[in-house]
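# Remarks on the overall topology
Read off the chains here:
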Amino acid sequence: MSNAKILDIINSIYNYTTILNFGALFSDVTPNFVTPAEPLPGDDVTIRFRTARNNADGVDIVIGEDHIPMEVTEHNGIFDFYSVVIPNVRERFNYYFEVHSDRLVVIYNRLGILKEVNHDYDFCIVPGFVTPDWAKGAVFYQIYVDRFCRGDESNDVLTGEYCYLGSPVRHIDDWDKLPDSMDVGNFYGGDLQGVINKLDYLKDLGVEAIYFNPLFVSPSNHKYDTQDYDYIDPHYGRIVKDEGELLPEGVTDNTQATRYITRVTDRENLVASNQLFIELVDEAHKRGIKVILDGVFNHCGSFNKWLDKEHIYDQNPDYKKGAYITGDSPYRSFFKFHDENAWPDNGSYNGWWGHDTLPKLNYEESQMLHDYIMDIGRKWVSPPYNADGWRLDVAADLGYSEEYNHSFWRDFRAAVKEANPNAIILAEHYGNPKSWLEGDQWDTIMNYGAFMEPITWFLTGVEKHSDEFRGDFLGNADIFKGSIRNYMSYFLYNSLYVAMNELSNHDHSRFLTRTNHRVGRIHTLGAETANENVNKGIMREAVVFQMTWPGAPTIYYGDEAGVCGWTDPDSRRTYPWGHEDMDLINFHKDIIRIHNEYPSLRTGSLKFLHGEHRVIAYGRFNKTEAVAVVINNDYLEKEIKLHIRELGVFNNKTMRRVMLTTEEGYTTENKMYMVQNNVLTVVAPKCSASVFVTKL
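Throughout, residues of each chain are indexed from 1 in the direction in which the sequence is written. The predicted nature of this model means local features are confined to residues of pLDDT at least 70 and side-chain atom pairs, given and counted, to a pLDDT of 80 or more, with totals for whole chains, interfaces and linings taken over all residues. As a rule here, side-chain values come from all non-hydrogen atoms in the structure, and water together with hydrogens is ignored.

### Quick look at the sheet that holds strand β6 (residues 79-89)
Note the threshold: Pairing between strands is defined by DSSP: at least two bridges between the two strands are required. Put simply, DSSP marks the helices as runs of H or I at least four residues long and the strands as runs of E at least two long, and each gets a number from the N terminus on.
With respect to topology, four strands assemble into an open sheet ordered β1-β2-β6-β5, the strand pairing being antiparallel. Looking at which strands have only one partner, the edges of the open sheet turn out to be β1 (34-35) and β5 (71-75). Relative to β6, strand β2 (residues 43-52) runs antiparallel, the two being bridged by nine bridges. Residue pairing for β6: Thr51 is matched across the bridge by Asp80.

As structure tokens, this is what we get:
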């Protein structure tokens, strides 16, 4: 809700009531206001609501048709805290608050203050829905393996090793070469050994979890066309048996790609590659770093052993016949074929979005396929692999009906959580995720609607693919606040606080490129233009926001080192080892250190404090500390007055500035500010972000 709308409410009631302190009204579903925040079935749940001291006549919690009076059970010099205990909670319930002051009744729900009840934005508690504590506010790091670090030259994809999408694959010898506009068959040689070699770098950066783009056997560099879910690709792992020939020049028939066939089907290579993954996870865990796998379960690839369109497995007695080859294949039901008379080599199967290289998996007609993927879900989060969770690709597309989709993910959650209760399940999803975030399916999502999109529009005016510029969105605090609060309301607390908050990733342009305010792609403007006229000051503003906003801040590899790029494939550039932007890396280290130092930045409440053209300010707080953040994206210096009392900060208290970014750089030199007349007055330089902290 905009400040103007709140003023309308105040003005509408001014003539007949005492003024209710709207800024003091607050509740949410963090541990500050709900205890326990993640109740188990049968728990008693205490819910709290905050008003200004001696300012309200009473507060009711409304559950269904029941209006239950709350009692003041705690107060300080600023607030009264109303509480109620809901006993023996066993079922999900929604609620909102009514605040009474004289003849005024104010509704308070997830959006804040409203005139009328809107149940779409009720608070919600789901007993038994628990997300991993380690993931709440954890700093993730996304790695696109082929482009991160080359640790083992012996497993490199070789030029002409096989044919993909009608062309021979290529090994790129120049690590620093920019991607081609058609890049899917180009391989730079990044691998798991390279990641192991850089684990100390990630630890020093402050990373707490790695999210890997797909690692399983696959013919592409992105590996979203899985060939074998049971094994890590030996080109990322270890090749111990390396026999056979490259494709003869001019040949596209992969049955002649005998070296590729040996590399990806021989058990010695597959077992050795899985072993390397075991070693990677063990080394990561020794450093306190979790490991998340990418699960592509909506579709597989045409190279997949279940389909075997390329006849890669056909002559190997260790593998059963693929469904493309014969209708008698044990995997026939894994795919939906439209022509029952087209075998052998039946190409009439459904492809995801019509792509025959991405066969859609046919779960509704195959219990065997369903059970197989449940086993895969369990396998990789269990010993000896011990991964810490799954990211689910295009998860809302899986199946042929929404009903089945939800049923599948309920089964998947049960299987994974039984194998590893601390494993996280997060999904790629655009739009409203509410029906999947009810506690029985996904833990959370990649947070586009309530993070990437609003902050991108506000700071750059550029859409996340760099496909559109909107000057009316650039710096528009009301649009930012309204959009981000609306999307945040789709989440339960425990989903929001583990949501993957990314500025960039493999599917979108690099955020640093978006700071140039240009529209373009690699095939329209060329790769070099993505580096032009970028603004690292805006980048630093964005990263401060990322590290102080609710959720799990997720760095896309190389963002911290100044990597630019238009959208896919240009966003998949190699990490610039040896010529990193060290100032930007050191900045990331310092802001991550600040993020990790203050618990309120992981699980604290959120409150907007100020918004105007190109300026936003907000606070994070718990019972013992408060953090205020000011972002000035304008080209003018601004004096900002923050009603810091709304975070529980007493008058005459000092707040310590621990981070200031500018166009030129940043400083962590502490500077003290006094709260006077319950207001923190700060001067925000142009293109800056400031972080202030205090103990309560």
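### Observations concerning the environment of Ile292
Heads up, the condition is: In this description, contact between two residues means that some pair of their heavy atoms is separated by no more than 4.5 Å.
Relative to the helices and strands, Ile292 resides in strand β19 (residues 290-295). Measuring from C-alpha to C-alpha, the distance between Ile292 and Pro553 comes to 15 Å, with 261 residues separating the pair along the chain. The residues contacting Ile292, other than those within four sequence positions of it, are Trp134, Phe140, Ile210, Tyr211, Phe212, Asp388, Gly389, Trp390, Arg391 and Ile424.

### Some points on the nonpolar core
A general feature of soluble globular proteins is that nonpolar side chains tend to end up buried together. Applied cut-off: Residues belong to a common nonpolar core when they are buried Ala, Val, Leu, Ile, Met, Phe, Trp, Tyr or Cys residues joined through side-chain atoms within 4.5 Å. Note on classification: 1.4 Å probe, protein chains only; a residue is buried when its accessible area is under 20% of the maximum for its type, exposed when over 50%, partly exposed between these limits.
In this structure, Tyr95, Tyr141, Phe277, Phe297 and Trp390 are the most contacted members of the largest nonpolar core, which totals 195 residues. Counting residues in hydrophobic clusters, the runner-up holds 19 residues, among them Val169, Leu247, Val264 and Tyr319.

### Things to note about the packing of helix α6 (residues 367-379) against helix α7 (residues 402-419)
Heads up, the rule is: Angles run from 0 to 180 degrees between N-to-C directions of axes, and those axes are lines fitted to C-alpha atoms, restricted for helices to the stretch in contact. Should the near helix be turned anticlockwise from the far one by less than a right angle, the crossing is left-handed, and should it be turned clockwise, the crossing is right-handed. Residues are grouped as follows: Ala, Val, Leu, Ile, Met, Phe, Trp, Tyr, Cys and Pro are nonpolar; Asp, Glu, Lys and Arg are charged; every other residue, Gly included, is polar.
Two elements in contact, α6 and α7, have axes separated by 8 Å at closest approach and are oriented at 40 degrees. α6 and α7 meet at a crossing whose hand is right-handed. Facing His370, Ile373, Met374, Gly377 and Arg378 of α6, the residues of α7 in contact are Tyr404, Phe408, Asp411, Phe412, Ala415, Val416 and Ala419. Considered class by class, the residues forming the contact of α6 with α7 number eight nonpolar, two polar and two charged.

### A look at the side chain of Asn405
Note the cut-off: Polar contacts here mean pairs of N or O atoms no more than 3.5 Å apart (in protein, one a potential hydrogen donor and the other a potential acceptor; neighbouring residues in sequence count only if both atoms are side-chain atoms).
Its place among the elements puts Asn405 in helix α7. A relative accessible area of 1% places Asn405 in the buried class. Here the side chain of Asn405 touches Ala396 through a polar contact of 3.3 Å, landing on its backbone oxygen. At 2.7 Å, the side chain of Asn405 forms a polar contact with the side chain of Trp436. What Asn405 contacts, discounting residues up to four positions off in sequence, is Ala395, Ala396, Asp397, Leu398 and Trp436.

### Some points on the pattern of salt bridges
Here the idea is simple: oppositely charged side chains can pair when their charged atoms come close. Which entries qualify depends on this criterion: One speaks of a salt bridge when a side-chain nitrogen belonging to Lys or Arg is within 4 Å of a carboxyl oxygen belonging to Asp or Glu.
Scanning the entire structure with this criterion turns up 53 salt bridges. Between Lys641 and Glu639 there is a salt bridge, and its shortest N-O distance comes to 3.9 Å. With relative accessibility at 47%, the residue Lys641 sits in the partly exposed group. Residue Glu639 is classed as exposed on the basis of its relative accessible area, which comes to 54%. Through salt bridges with shared partners, a single network forms among Asp200, Asp282, Glu283, Lys286 and Arg287.

### Concerning the sheet that holds strand β16 (residues 209-212)
Read from one edge of the open sheet, eight strands run β22-β21-β20-β19-β16-β11-β24-β23, paired in parallel fashion. Of all strands in the sheet, those with a lone pairing partner are β22 (444-445) and β23 (500-502), marking the two edges. Where β16 and β19 come together, three bridges link them in parallel fashion. The residue of β19 that forms the bridge with Ala209 is Lys290. In the packing of helix α13 (residues 536-548) onto the sheet, contacts are made with β23 and β24 (552-556), and the angle to β24 comes to roughly 140 degrees.

### A word on helix α8 (residues 448-460)
Short version of the rule: Helix span is expected to be 1.5 Å times the residue number reduced by one.
Under the 1.5 Å per step criterion, the end-to-end length of α8 is only 16 Å for 13 residues, more than 12% shorter than the ideal 18 Å. Within α8, 12 of the 13 residues are buried, which leaves the element mostly enclosed by the surrounding structure. The set of residues buried in α8 consists of Tyr448, Gly449, Ala450, Phe451, Met452, Pro454, Ile455, Thr456, Trp457, Phe458, Leu459 and Thr460. Tucked inside the fold, the buried residues of α8 contact α9 (477-488), β23, α11 (511-514), α13, β26 (615-621) and β27 (625-632).

### Here's the deal with the side chain of Asn447
For Asn447, the position within the fold is in the loop between β22 and α8. Using a relative accessible area of 2% as the deciding quantity, one classes Asn447 as buried. Within the structure, Asn447 has its side chain in polar contact with the side chain of Asn501 (distance 2.9 Å). In contact with Asn447, other than residues within four places in its own chain, are Met452, Phe491, Leu496, Ala499, Met500 and Asn501.

### Topic: unusual backbone geometry
The phi angle of most residues is negative, glycine excepted, and most peptide bonds adopt the trans form. Cis geometry is found at the peptide bond from Thr35 to Pro36, where omega equals -10 degrees. Here Pro36 lies in the loop between β1 and β2. Backbone geometry at Trp353 places phi at a positive 55 degrees, although glycine is not the residue there. Take Trp353: it is sitting in the loop between β19 and α6. One non-glycine residue, Asn533, lies in positive phi territory at about 60 degrees. As for its position among the elements, Asn533 is in the loop between α12 (522-525) and α13. What makes Asn533 exposed here is its relative accessible area of 63%.

### Let's talk about the pairing of β27
When you tally the buried positions in β27, you get eight out of eight residues, the bulk of the element. Side-chain alternation along β27 places Glu625, Val627, Val629 and Ile631 on one buried face and Ala626, Ala628, Val630 and Asn632 on a second face that is also buried. Of the pairings in the sheet, the one linking β26 to β27 comprises seven bridges and is antiparallel in character. Considered in β27, the bridge of Val615 is made with Asn632. Counting the residues between successive antiparallel strands, the hairpin from β26 to β27 contains three residues. Of the pairings in the sheet, the one linking β27 to strand β33 (residues 688-695) comprises eight bridges and is antiparallel in character. Bridging across to β33, Asn632 finds its partner in Ser688.

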